[in-house]
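Reading the structure
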There are 2 protein chains.
Amino acid sequence: MDSQAISEWLQLKMDRREEGPLYAQLYRLLQHAILSGHCPPGTRLPPSRQLAQELNIARNTVIQVYEQLTLEGYVSSEVGRGTFVADISHDLALPIDKESALSEVVRSAPPVRLSAAGERVMASLGHAERQMGAFMPGVPDVSEFPVKQWARIQNRHWRDPDPVLFTYAPAGGLPALREALAGYLGNSRSVVCDSRQVIVTSGIHQVIDVAARLLCNPGDRVWIEEPSYWGIRNLLLSLGIEVVAIPVDSEGINPSAADMENPPRLIVVTPSHQYPLGMVMSLSRRLKLLEYARLSGCWILEDDYDSDFRYGSRPLPSLQGLDEGRQVIYAGSFNKTLFPGLRLGYAVVPGALASQFGSLTAELFREGQLLLQSIMTDFLTQGHVGSHIRRMRNVYAARRGALLQAIHGHYGDTLPVIGDKAGLHVVLGLPEHVDDMAVSADAAKAGIMARALSNYYVNADDAKKGLVLGYGCVRESLIPRSFATLAKVVDHHLA
Amino acid sequence: MDSQAISEWLQLKMDRREEGPLYAQLYRLLQHAILSGHCPPGTRLPPSRQLAQELNIARNTVIQVYEQLTLEGYVSSEVGRGTFVADISHDLALPIDKESALSEVVRSAPPVRLSAAGERVMASLGHAERQMGAFMPGVPDVSEFPVKQWARIQNRHWRDPDPVLFTYAPAGGLPALREALAGYLGNSRSVVCDSRQVIVTSGIHQVIDVAARLLCNPGDRVWIEEPSYWGIRNLLLSLGIEVVAIPVDSEGINPSAADMENPPRLIVVTPSHQYPLGMVMSLSRRLKLLEYARLSGCWILEDDYDSDFRYGSRPLPSLQGLDEGRQVIYAGSFNKTLFPGLRLGYAVVPGALASQFGSLTAELFREGQLLLQSIMTDFLTQGHVGSHIRRMRNVYAARRGALLQAIHGHYGDTLPVIGDKAGLHVVLGLPEHVDDMAVSADAAKAGIMARALSNYYVNADDAKKGLVLGYGCVRESLIPRSFATLAKVVDHHLA
């Protein structure tokens, strides 16, 4: 293209309806023309005044673009002669002047080859796009969150904040929150610790992520419960860890003698309320597990999954307390008790590991959100967490009752309901011959979330059939109707 | 111990000054006495009425503790006869009745053996506990953040929030923010994308974490710049990745022919403003890098490190835009422009990878904070980000000027100052014979942060000596005095 052709081409290509400054558009078009070889080295660009007139834009815009292109080496200006496309061919190993070779290469998208871990995780994605309603498990009723109390504390903290709270968090998190958590967990969960062992986190995922990277090499074994929460499995897979699924029985995780001969580096358990089956780990099993960990030198990660919601009995003290915090990394969060999007949790780490754990968290995640942590400290110490939990315990107990009533009303005792009087879900057992994934898919079409129990198993051969039904985020009055819709789908598959 | 001895021992041990409910304390003491073998099976616990009297606590508290211990199998009650310690020895492989063997085992803390990656990261921790003041690099002036504007928008969003904003984030983040970012980055950084390619993140660490797990197997090679930010190196090490440090020259990353024969899976670069040396990657080098990535099938991660702060020249368009987003994952954040503790950033991912990238982020991190993302959307689209950047550009330019003046005033041209007119820091070069880490340590003692340049190198042999001096978070008026303090330390080492 010569100078006139460039001008005409630009008139054709400039799109005034396009958002963003004309400057950026003109820059991109000229850059493209040069890189694609349409304006070969030596081509004279139209004089700025003429181009501005023909494009009907400010001359200054054209001058700025030419200056930018000069700065970056696309063109060079010679005083009194004009602006010329520079020879950039020596910057390229491919010839650009003949067949627009670069342009061809540019157009070909690269082949997507994921890591082995990436492929495995992609094959077992678990996160749902819909996060509320019947019968989404593991999600509390966010509409009940005491927004006003929180906003009042938040406003006070934002009135004249200490700038230090806008910088990165110190390793372990805000000291005041760590202190408050040590007291809170000691009282409510019999966790034995001082505040130096408390690490503020964003939730259970982060705790497992840090623990695994701190303690496990790629290829090391980690035990998880079979069945268990898909998120932990995927997280461990993404680190190249060998995930060994150990079956649970009515007392909790139950490794065989053969399993025990190959000790893992880490054992992840949910002793308070097994997820998703809902039983409590027995004292006898707790003691055996702690002893095995001591003898084999491995660590236990206690995911204290919804221990706050128990109906009718006091929550069992933590495994961490029984162990006095020697071998157990305790993890919990406010994401289930307050709201999932809060992203505030905590780990209590054995003294011997605490400083490394805090440092690695700071190093990997560069945490911040100290104002949020400061607000959380007040919310906790002023007793709002406790009173919200007490209030919601009644709400959830009623919803649980309504769901059980709906189930019994429809099925009597023909289908088992699995799960202790705790948490935010129950499991409705299905006969072995039923394809629970198909039930789940059909339920979704009918507008009901009902996760298939077999989906929580690593080994398909061990999988029990059933539906994991959350009652946390569905109003009591809607439960009968929602369950009737679901039952229609289930009945179809039972027949 | 018999019943009376237990009662006396408890009187001795109960501590009323201890925080927390007496219930929890009594429970722990009895549990300990049983587990340690001090109360062997068959021991009768003191009657609840008597114990309550002797301990001067409510009888109901004692009854609750006994019930709890019964529930957990530590004791059993026989109506009319009393409460007896249960035989839990069958739960243990070790004998507990002779030498308090369990107690011994409990006391011995487990040996701490970290993963190889954990050890490497612990050996090169970079995060600082102090995050403000002269001459902390890479930190903006958080005291200048427009708190009131932000708080006003925040209040509006918290007035009657949609409960959906309290749940987990959908993969990729809040759609409105992704949309706003696509427009903003197109205009300000010539990033070529649509909103489906934009992933909301917490910052550069998360982008690298996800990219590496999605694309690299443990043992795969990733190129980083030599020198470069320690955080990225540690993050990659924690994933078991082989980190290859490629030297930079005045035009940016400069791989040798030998390097190029072993292509990496991913190349992490800072083309806008190399960190820490501060040069801009030349056009020629950009084109070569893109072409190499295309031919070798690897991905480029563009860390658009403080591209917003340039003094005197327009920022260069992104590498992503030059590539039209085929092979480049673009990453930036508001953590440097607004405040580090905000934890809001973004990745722009090639179309072919975008959905996997978003899914893996959701799966690994279970993101939330949608209200924060919603506030950020308004803050961005109402132009507050742009005006804050413009205002701070002047503030930082003045601070940069003051620091350069202080340096030249003291050293003239005897020590080189390295770095383009951009960013939040300069590098003060030191002669090869000076131990810059010792200078840094002595400066810290004098109250001045001055990171050693050699600390940013992977290979000690390549390390240049110098001090990385941030001027972002120190007031202009304090710069001369702070530099004078530092110069005294430097002079001592030069002599």
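Residues numbered from 1 in each chain as written. Chains lettered and ligands numbered in written order. Predicted model: local features only at pLDDT ≥ 70, side-chain atom pairs only at ≥ 80, totals over all residues. Heavy atoms only, no water.

Quick word on the side chain of Arg285(A)
Residues and elements named next belong to chain A. Tracing the chain through its elements places Arg-285 in helix 12 (residues 283-296). Arg-285 sits in the buried class, given a relative accessible area of 10%. Beyond its immediate sequence surroundings of up to four residues, Arg-285 is in contact with Asp-249, Glu-251, Gly-252, Ile-253 and Asn-254. (Helix = DSSP H or I, 4+ residues; strand = E, 2+ residues; numbered from the N terminus. Buried < 20%, exposed > 50% of the residue type's maximum accessible area, 1.4 Å probe, protein only. Contact = heavy atoms within 4.5 Å.)

Some remarks on unusual backbone geometry
Look at the link from Glu226(A) to Pro227(A): it is a cis peptide, with omega at 5 degrees. Mapping Pro227(A) onto the fold places it in the loop between strand 4 (221-226) and helix 10 (230-237). A positive phi angle is found at Arg343(A), which is not glycine, with a value near 60 degrees. Tracing the backbone shows Arg343(A) in the loop between strand 9 (328-333) and strand 10 (345-348). Even without a glycine there, the phi angle at Asn56(B) is positive, about 60 degrees. Mapped onto the secondary structure, Asn56(B) falls in the loop between helix 3 (48-55) and helix 4 (59-71). Judged by its relative accessible area of 63%, Asn56(B) is exposed.

Quick look at the relation of the copies chain B and chain A
Overlaying chain B with chain A gives an RMSD of 0.1 Å, the required rotation being 180 degrees about an axis along which the chain moves by 0.0 Å. Taken together, these values place the two copies in the relation of a two-fold axis. When each C-alpha of chain B is compared by its distance to the rotation axis, Leu239(B) comes out closest, at 3.1 Å. Most of the interface of chain B is mirrored in chain A, where 99% of its interface residues again form contacts. (Least-squares fit on C-alpha atoms with pLDDT ≥ 70 in both.)

With respect to the domain arrangement of chain A
Looking at the assigned domains, one finds that chain A contains domain 1 (3-103), domain 2 (122-128 + 145-382) and domain 3 (387-494). Domain 1 of chain A and domain 3 of chain A are separated by 64 Å when their C-alpha centres are compared. (Domains from an automatic or database assignment.)

Let's talk about the packing of helix 1 (residues 3-13) of chain A against helix 2 (residues 22-35) of chain A
Residue and element names in this part refer to chain A. At a minimum axis distance of 11 Å, the contact between helix 1 and helix 2 shows a crossing angle of 130 degrees. Relative to helix 2, the element helix 1 lies oblique. Our pair here, helix 1 against helix 2, has a crossing hand that is right-handed. Along the contact surface, helix 1 presents Ile-6, Trp-9, Leu-10 and Lys-13, while helix 2 presents Gln-25, Leu-26, Leu-29, Leu-30 and Ala-33. (Axes fitted to C-alpha atoms, helices over the stretch in contact; angles between N-to-C directions. Parallel < 35°, antiparallel > 145°, perpendicular 65-115°, else oblique. Left-handed = near helix turned anticlockwise from the far one by under 90°.)

Quick word on the pairing of strand 5 (residues 242-249) of chain A
Residue and element names in this part refer to chain A. Here six bridges tie strand 4 to strand 5, and the two strands are oriented parallel to one another. Each bridged residue has a counterpart across the sheet, and for Trp-223 the counterpart in strand 5 is Val-244. Taking the sense of rotation as the criterion, the β-α-β connection linking strand 4, helix 10 and strand 5 turns out right-handed. If you look at the hairpin formed by strand 5 and strand 6 (residues 252-253), you'll find two residues sitting between the two strands. (Pairing = 2+ DSSP bridges. Right-handed = clockwise from strand over helix to strand, strands pointing away.)

Remarks on the pairing of strand 2 (residues 82-85) of chain A
As paired strands, strand 1 (residues 75-78) of chain A and strand 2 of chain A are joined by four bridges and run antiparallel to one another. Bridging from a neighbouring strand, Ser77(A) pairs with Thr83(A) of strand 2 of chain A.

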